[in-house]
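Structural features, examined
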Amino acid sequence: MDRKLKIAIQKSGRLSDDSVKLLKKCGISFGNGLGKLRSEANNFPLEIFFLRDDDIPNYVEDSVADIGIVGENVLAEKDCEVETIEKLGFGKCRLSLALPKSFEYVSVKDFEGKRIATSYPKILGNFLSKNNVEAELHTISGSVEIAPSIGLADAVCDIVSSGSTLFTNGLKEVETVMRSEAVLIKRKGLDEDSQKLLNKLLFRIRAGKSAEENKYILLNAPNENLEKIIEILPGMRSPSVLPLAESGWSSVHSVINENDFWEVVENLKTEGAEGVLVLSIDQMIQ
Ligand code: PRT
Ligand code: ZN
């Protein structure tokens, strides 16, 4: 029997589009029509399950799926026996403690004896006990941010990304309890055939991720400054240098990290680089 790898992704929510995009970027094609719970890839031995994010760690733990994509926040709250294999760089957010705007916050000790509404009692409980703070946790599953205004709690501990939800509810963020992003998880005891398929998938995920983090750069450099320019451009191995038709000049090609991009370009300009072109990379195999 031909083995298929089973992956669980969020059906509809903040991680859905990026999870689908990630698989498609790996060259995997599948139908993900509305209302579908399961889909099979046409060109990779992969079966995709569309589930609620909260259920994904359990389904992976119970071997219903081999792997899954879920937020680290959900994973930490669940305490399932699964292994995190790769950070995926999307779904970034933080779990934070927030208080009414007018509260004069000094330190985490201000939460002593407070009633805190949250959907993350386990993560918050650990954080508070690490800080020797005793508070009363009220676990609610949604609309945590309205709890203080209706008198249900004095503070909240909720997921924040832009901060606008807290702001519009008259709250301010005062402590970060944890940072989170989407991760790829796998079940324990994956058989050899499934592991081989996972390695193949991971190879493609990593190639796409490196491509996103890097840029391809081309520029013209006066030969007398080549040495300095090459020093600025590390490249995958080292930059490619080709002579230009005009004597005394060379074309230099390299790959640079997106985070260093502007600084590198400024330094190149200082060393006399001209005609700098920067291109996105589709895949980067290292
Ligand atoms: O239906 P299902 O159970 O699958 O989805 P869900 O409603 O439980 O989760 P969903 O889709 O909202 O979030 C899925 C995952 O996305 C979360 O577990 C996080 O890992 C991640 N994520 C990233 C976020 C946010 N950003 C986020 N902003 N999850 C929730 N929010 C909510 C937050 O709860 C708050 O209500 O957005 C609001 C705050 O946003 P800002 O931008 O106003 O700060
Ligand atoms: Zn959920």
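Residues numbered from 1 in each chain as written. Chains lettered and ligands numbered in written order. Predicted model: local features only at pLDDT ≥ 70, side-chain atom pairs only at ≥ 80, totals over all residues. Heavy atoms only, no water.

1. Some remarks on the overall build of the protein chain
Regarding its fold elements, the protein chain presents 8 helices and 15 strands. Its C-alpha atoms give the protein chain principal-axis dimensions of about 75 × 60 × 35 Å. Here the protein chain has roughly 15500 Å² of accessible surface; of this, 47% comes from carbon and sulfur atoms. Distance between charge centroids for the protein chain: 5 Å, based on 35 positive and 44 negative side chains. (Helix = DSSP H or I, 4+ residues; strand = E, 2+ residues; numbered from the N terminus. Areas by Shrake-Rupley, 256 points an atom, 1.4 Å probe, with all protein chains shown as cover. Lys, Arg positive; Asp, Glu negative; His and termini not counted. Charge placed at Lys NZ, Arg CZ, Asp CG, Glu CD.)

2. With respect to the environment of Leu226
Note on placement: Leu226 falls in helix α7 (residues 226–232). The exposure class assigned to Leu226 is buried, which follows from its relative accessible area of 15%. Separated by 23 residues in the primary sequence, Leu226 and Trp249 place their C-alpha atoms 8.9 Å from one another. Excluding residues within four positions of it along the chain, Leu226 makes contact with Ala221, Val241, Ser250 and Val252. (Buried < 20%, exposed > 50% of the residue type's maximum accessible area, 1.4 Å probe, protein only. Contact = heavy atoms within 4.5 Å.)

3. Description of the site of ligand 1
Taken together, 22 residues are adjacent to ligand 1, and Asp54, Asn73, Ser162, Gly163 and Thr165 come closest. Note that an oxygen atom of ligand 1 is positioned 2.8 Å from one of the side-chain N or O atoms of Arg52. Within the side chain of Ser164, a nitrogen or oxygen atom sits 3.3 Å from an oxygen atom of ligand 1. Taken by itself ligand 1 offers 830 Å² of open surface, and the protein chains cover 78% of this. The set of elements that each furnish at least two residues to the shell around ligand 1 consists of α3 (72–78), β9 (155–160) and α5 (164–168). Top contributing element to the shell around ligand 1 by residue count: β9, with 3 residues. Inspection of the shell around ligand 1 shows a minimum of three residues originating in each of domain 1 (5–89 + 181–190) and domain 2 (93–180). (Near = heavy atom within 4 Å. Polar contact = N/O pair within 3.5 Å; in protein donor to acceptor, adjacent residues only side chain to side chain. Domains from an automatic or database assignment.)

4. Examining the coordination of the zinc ion (ligand 2)
Coordination of the zinc ion (ligand 2) by the protein involves Asp53 (OD) and Asp54 (OD), with metal-donor separations of 1.9 to 2.1 Å. One can describe the site at the zinc ion (ligand 2) as irregular: its 4 donor atoms subtend angles covering 74 to 174° at the metal. (Donors = N, O, S within 2.8 Å, 3.2 Å for Na, K, Ca; no water. Tetrahedral: all angles 85-135°; square planar, octahedral: opposite > 155°, others 65-115°.)

5. Thoughts on the domain arrangement of the protein chain
Each assigned domain of the protein chain is listed with its residue range as follows: domain 1 (5–89 + 181–190), domain 2 (93–180) and domain 3 (214–280). Each of domain 2 and domain 3 has a C-alpha centre, and these two points are 48 Å apart.

6. A short note on the pairing of strand β11 (residues 182–187)
For a regular strand, side chains alternate in direction, first toward one face of the sheet and then toward the other. Of all 6 residues that make up β11, 6 are buried, and the element is covered over most of its length. In β11, alternate side chains face the same way, and those of Ala182, Leu184 and Lys186 on one face and Val183, Ile185 and Arg187 on the other are all buried. Bridging between strand β4 (residues 67–71) and β11 involves 5 bridges; their strand directions are antiparallel. Along β11, the bridge assignment pairs Ile67 with Lys186. Where strand β5 (residues 82–87) lies against β11, 5 bridges are found, and the strand directions are antiparallel. Across the sheet, residue Glu86 finds its bridge partner in β11, namely Leu184. (Pairing = 2+ DSSP bridges.)

7. Here's the deal with the side chain of Glu181
Relative to the assigned elements, Glu181 resides in the loop between β10 (171–180) and β11. Here Glu181 is buried and forms no salt bridge, its nearest opposite-charge partner Lys92 lying at an N-O distance of 4.5 Å. In this structure the side chain of Glu181 is engaged in a polar contact, spanning 2.7 Å, whose partner is the backbone nitrogen of Gly89. In this view, Glu181 contacts Val70, Gly71, Glu72, Lys87, Leu88, Gly89, Phe90, Gly91 and Lys92; residues no more than four positions away in its chain are not counted. (Salt bridge = Lys/Arg side-chain N within 4 Å of Asp/Glu carboxyl O.)

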